[in-house]
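Observations on the model geometry
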Amino acid sequence: MRRPTLYVLLTACVAIAALSSFRGDEIVSEPSLAAEASLAPEEVEASSDEQAEVANDEPRHFRAPHNVNLFITEDDAVRAPGEDWFEQQAELFPGRYSYDESLADGEGGWVDKDGKYELRYDEEEEEAFYWRVLTKEELTIGRQDYVQFCASCHGFEGDGYGRSAQHLRPGPRNFQRAMFKFSKVTQALPSDEALKTLIRNGLDGTPMLAWDLSDQQLDGIIQYIKTLSEPETGWRDLFTEIGDVVEVGENPWVGKESEAVTAGEKVYHKNDCYACHPGYLAPPDLAALREAPEGTTFRDNLSYPAIKDSDYTVLDHQLKILPPDFTWHQLRAGTTPLDLFKTIAAGIKGAAMPQWKGAFPDEDIWAVAYYVHHLVTEYKDQPAKRSAFMNALRRDQ
Ligand code: HEC
Ligand code: HEC
């Protein structure tokens, strides 16, 4: 036993003795308070024998607040990506994965030599699913890094309501709901790689900073976050789909950037982006571009964003979200044409922003990405130029 721990016990005994003599039966909760007050929190956390059974190690960090559980006591498993992903991994890491025809009732499946992934047959569904197996030891490491780096905002239990959260706008994500906005993935849930990229990049203009953590630390945190999914949702949903960042393909506008902007302006205004974001054409010009019949009217305040309902909540309060005006608001997930291509293609889950991949050709997604990029670089943070541009649109409104 470490010396400070002994000291805790001694202090606690002295405190119990002292307090009992004064207060008789009411003592139940007092000793631990006395012990905590006299010592730094980490020593109190490490002193429980029950916890020591799980990981004999000290907690990885020494500033965890009092009374926060730092140890995961049970192994767990969360849903993993499907066959395609294993095929890719098998190529990337020769020797680690092998295909076994006899698995899954003769359907066949991948075997991971390292035992991190398992194909498990589900009796009820009569189907096999891949799982990421998580030991209590690795989850404990992930939990401790999570508490250290993320919990102040995302909450000790991942509910998005940490100590700092009440003053943050936008609010931190609630990991129990396993719903993500900016992962640039079209499927239901982002792959580990997509989450890593997101966390490493942060979200511009929000308290979600870019995190410079090691690959191992990030992996631990991400696996831990997955286990926060509520039963039968997110990574605990058998039928969940997990995907990677949307495929980019070749950029057809290289060397023709200004043509891309012109084409993108058309794509933007023909595809109703202005139903939510501002329209950047005066109504008569928009009518002409859309070849709208005479007398067509557009929504009020066309050159302002229109606030939209979302599936996100803070303490059960349903949030409405203002779509950005690209000449004014800070975009969260990057403003290069490449980043914009991915964001627009994938859409923003739970917010009104649709997935555009598949809705029109990739070439047009690229064009509209160049157009948005143009609006940002030309007008954002350039108040005089922006006023002139917006006032011209608003002259007839
Ligand atoms: C200072 C507060 C703060 C801290 C600390 C913080 N975050 Fe966040 N995080 C946020 C906020 C705020 C958002 C939501 C931003 C938004 O909606 O634009 C967010 C969003 C996220 C998202 C969701 C992005 C999406 O696409 O929906 C993930 C994942 C995330 N954080 C992971 C982490 C991890 C992992 C850590 C610790 C390494 C961490 N955060 C630490 C404030 C924080
Ligand atoms: C039905 C409403 C709606 C439509 C239509 C729509 N968007 Fe959005 N869009 C949103 C909302 C809401 C957000 C903000 C989400 C958030 O920040 O939580 C958004 C965000 C964005 C972002 C910013 C992402 C970031 O990094 O912050 C881009 C870029 C974008 N939309 C482009 C487009 C383009 C291009 C179109 C048309 C092809 C379009 N949107 C159509 C609602 C819409």
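Residues numbered from 1 in each chain as written. Chains lettered and ligands numbered in written order. Predicted model: local features only at pLDDT ≥ 70, side-chain atom pairs only at ≥ 80, totals over all residues.

Considerations on the site of ligand 2
Put simply, the test is: Think of it this way: take the backbone, place a C-beta atom on it, and check whether that atom is within 6 Å of the molecule or strand, in which case the residue is near it. Helix numbers and strand numbers start at the N terminus; a helix is a DSSP run of H or I with at least 4 residues, a strand a run of E with at least 2. The nonpolar class holds Ala, Val, Leu, Ile, Met, Phe, Trp, Tyr, Cys and Pro. Asp, Glu, Lys and Arg form the charged class, and all remaining residues, Gly among them, are polar.
Taken together, 26 residues lie near ligand 2, and C273, C276, P323, A333 and M353 sit nearest. Those elements that place two or more of their residues in the shell around ligand 2 are α13 (337–346) and α14 (362–379). Element by element, the count of residues in the shell around ligand 2 is highest for α13, at 3 residues. Here the shell around ligand 2 is composed, by residue class, of 19 nonpolar, 3 polar and 4 charged.

Quick word on the nonpolar core
In plain terms, the rule: Linking buried Ala, Val, Leu, Ile, Met, Phe, Trp, Tyr and Cys residues through C-beta atoms within 7 Å yields a set, and such a set is a nonpolar core. Remark: C-beta atoms are placed from the backbone, and a residue is labelled buried if 20 or more other C-beta atoms sit within 10 Å of its own, exposed if 12 or fewer do, or partly exposed between those counts. Contacts are defined on C-beta atoms placed from the backbone: any two residues whose C-beta positions lie within 7 Å are in contact.
I344, I365, V368, A369, Y371 and V372 are the most contacted members of the largest nonpolar core, which has 62 residues in total. Ranked by the residues each element gives to this core, the list is headed by α14, at 11 residues. If we ignore the near neighbours within four places in the chain, the residues touching I365 are F341, I344, A345, W356, K357 and F360. Core analysis: the second largest hydrophobic core is formed by 6 residues, A80, F86, W110 and Y130 among them.

Some remarks on the sheet that holds strand β1 (residues 76–79)
Applied cut-off: Strands pair, by our definition, only if DSSP identifies at least two bridges between them. Where helices are involved, their axes are fitted lines through C-alpha atoms of the stretch in contact, as for all axes, and angles between N-to-C directions lie from 0 to 180°.
On the basis of which strands lie adjacent, the open sheet formed by 3 strands has the order β1-β5-β4 and antiparallel pairing. Every interior strand has two partners, whereas the edge strands, β1 and β4 (117–122), have only one. Across the sheet, the mean angle from the axis of one strand to that of its neighbour is 45°, orientation sign disregarded. In this structure, β4 lies alongside strand β5 (residues 127–134), joined through 6 bridges in antiparallel fashion. Bridging across to β5, Y121 finds its partner in A128.

Points about the site of ligand 1
The environment of ligand 1 is formed by 25 residues, the closest being C150, C153, K181, F182 and M208. Residue assignment for the shell around ligand 1 shows that the elements contributing at least two residues are α8 (151–154) and α9 (192–201).

Observations regarding helix α7 (residues 136–149)
Cut-off, in case you're wondering: Here a helix's expected span is defined as the number of its residues, less one, multiplied by 1.5 Å.
A rise of 1.5 Å per residue sets the reference length of α7, with its 14 residues, at 20 Å; its end C-alpha atoms lie 20 Å apart and thus fit the reference within 8%. Along α7, the residues that are buried comprise L139, T140, I141, G142, R143, Q144, D145, Y146 and V147.

Considerations on helix α11 (residues 257–270)
Over its 14 residues, α11 runs 20 Å from end to end, which matches the ideal 20 Å to within 8%, given 1.5 Å per residue. The secondary structure elements touched by the buried residues of α11 are α14. Once α11 ends, the next one or two residues include D272, with phi positive near 65°.

With respect to unusual backbone geometry
Following R169, the chain continues into P170 via a peptide bond in cis, with omega recorded as -5°. By secondary structure assignment, the location of P170 is in the loop between α8 and β6 (189–190). Notably, D105 is not glycine yet its phi reads approximately 60°, a positive angle. With respect to the helices and strands, D105 occurs in helix α6 (residues 103–106). Accessibility expressed as a C-beta count within 10 Å gives 11 for D105, which makes it exposed.

Note that all results are geometric; they support no functional claim without further evidence.
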